[in-house]
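# Structural overview
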Amino acid sequence: MRYFLAVFALMATFAQAESTGPDGMTAAQLGEFLKSLQTAVANDNAASVAKLALFPLRVNLPHKKTLKAPQFIAQYSSIITPKVKAAVLAQTTETLFRNSNGAMIGNGELWFSGICLNKECSKQTTKIIAINP
């Protein structure tokens, strides 16, 4: 009986880790993306952060605007403010808020989501979809 319970618990853990959340991402995808984002932000590498974003990117500075990659890179320091940077670096996968819009870092400073790359959504990626400095 113990063996059965141990196997059942292991299977449940595996199924939970591989299940897709309401944002279209698995726990593994969340963790991998968050780690990449934190590394790029910690190093203030605007080009690397840009590679993690879906363009045109919605940035809600004093006024909402959408930016293309070159604009984002040029304005990086006014978008990835110390507040946004701190939120990204402090975030853990376990405490991410997730809904059908995506995963939220901090108090909404940055949102990212699973993105379909084809009509069937059989190919996916994860990208930043909005930043609220």
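See the structure shown above.
As the structure is a computational prediction, the values presented were derived from the model and not from experiment. (Residues numbered from 1 in each chain as written. Predicted model: local features only at pLDDT ≥ 70, side-chain atom pairs only at ≥ 80, totals over all residues. Heavy atoms only, no water.)

Turning our eyes to something else, we now look at helix α2 (residues 27-42). With 16 residues, α2 should cover 22 Å at 1.5 Å per step; its first-to-last C-alpha distance of 22 Å lies within 8% of that length. Among all positions in α2, only L30, F33, L34, L37, Q38, A40 and V41 are buried. For α2, the angular spread of the buried residues around the axis is 165°, confining them to a single face. Within α2, the exposed residues directed more than 90 degrees away from the buried face are E32 and K35. Just beyond α2, the residue with positive phi is D44, at close to 50°. (Helix = DSSP H or I, 4+ residues; strand = E, 2+ residues; numbered from the N terminus. Expected span 1.5 Å × (residues − 1). Buried < 20%, exposed > 50% of the residue type's maximum accessible area, 1.4 Å probe, protein only. Arc of directions from axis to C-beta.)

The subject of this paragraph is the sheet that holds strand β2 (residues 64-67). Across a sheet, strands are paired by hydrogen bonds formed along the backbone, either parallel or antiparallel in direction. Taken in spatial order, the six strands make up an open sheet running β2-β1-β6-β5-β4-β3, and their pairing is mixed. Each edge of the open sheet is held by one strand with a lone partner, namely β2 and β3 (97-99). Taking each pair of neighbouring strands and ignoring which way they run, the sheet shows an average axis angle of 25°. Where strand β4 (residues 102-105) and strand β5 (residues 110-116) come together, three bridges link them in antiparallel fashion. Paired with A103 across the two strands is F112, which belongs to β5. Against the sheet, α2 makes contact with β3, β4, β5 and β6 (124-131), and its axis sits at roughly 55° relative to β6, the strand it touches most. (Pairing = 2+ DSSP bridges. Axes fitted to C-alpha atoms, helices over the stretch in contact; angles between N-to-C directions. Contact = heavy atoms within 4.5 Å.)

For the rest of this paragraph, the subject is unusual backbone geometry. A negative phi angle characterises most non-glycine residues, just as the trans form characterises most peptide bonds. Residue F55 is joined to P56 through a cis peptide bond whose omega torsion reads 0°. Topologically, P56 is positioned in strand β1 (residues 53-60). In this model, D44 sits at a positive phi of 50°, which is unusual for a non-glycine residue. Structurally, D44 is set in the loop between α2 and α3 (46-51). In this structure, C121 takes a positive phi of about 65° despite not being glycine. Among the secondary structure elements, C121 is positioned in the loop between β5 and β6.

Time to look at the state of the cysteines. With the rule as written, the count across this model stands at one disulfide. Across a sulfur-sulfur distance of 1.7 Å, C116 and C121 are joined as a disulfide pair. In this structure the cystine formed by C116 and C121 twists about its S-S bond by roughly -75°; its chirality is therefore left-handed. (Disulfide = S-S within 2.5 Å.)

Here the structure, examined in full by the defined rule, presents four aromatic pairs. These aromatic residues form a ring-pair network of at least three members: F55, F72 and Y76. (Phe/Tyr/Trp six-rings, centres within 6.5 Å; stacked < 30°, edge-to-face > 60°.)

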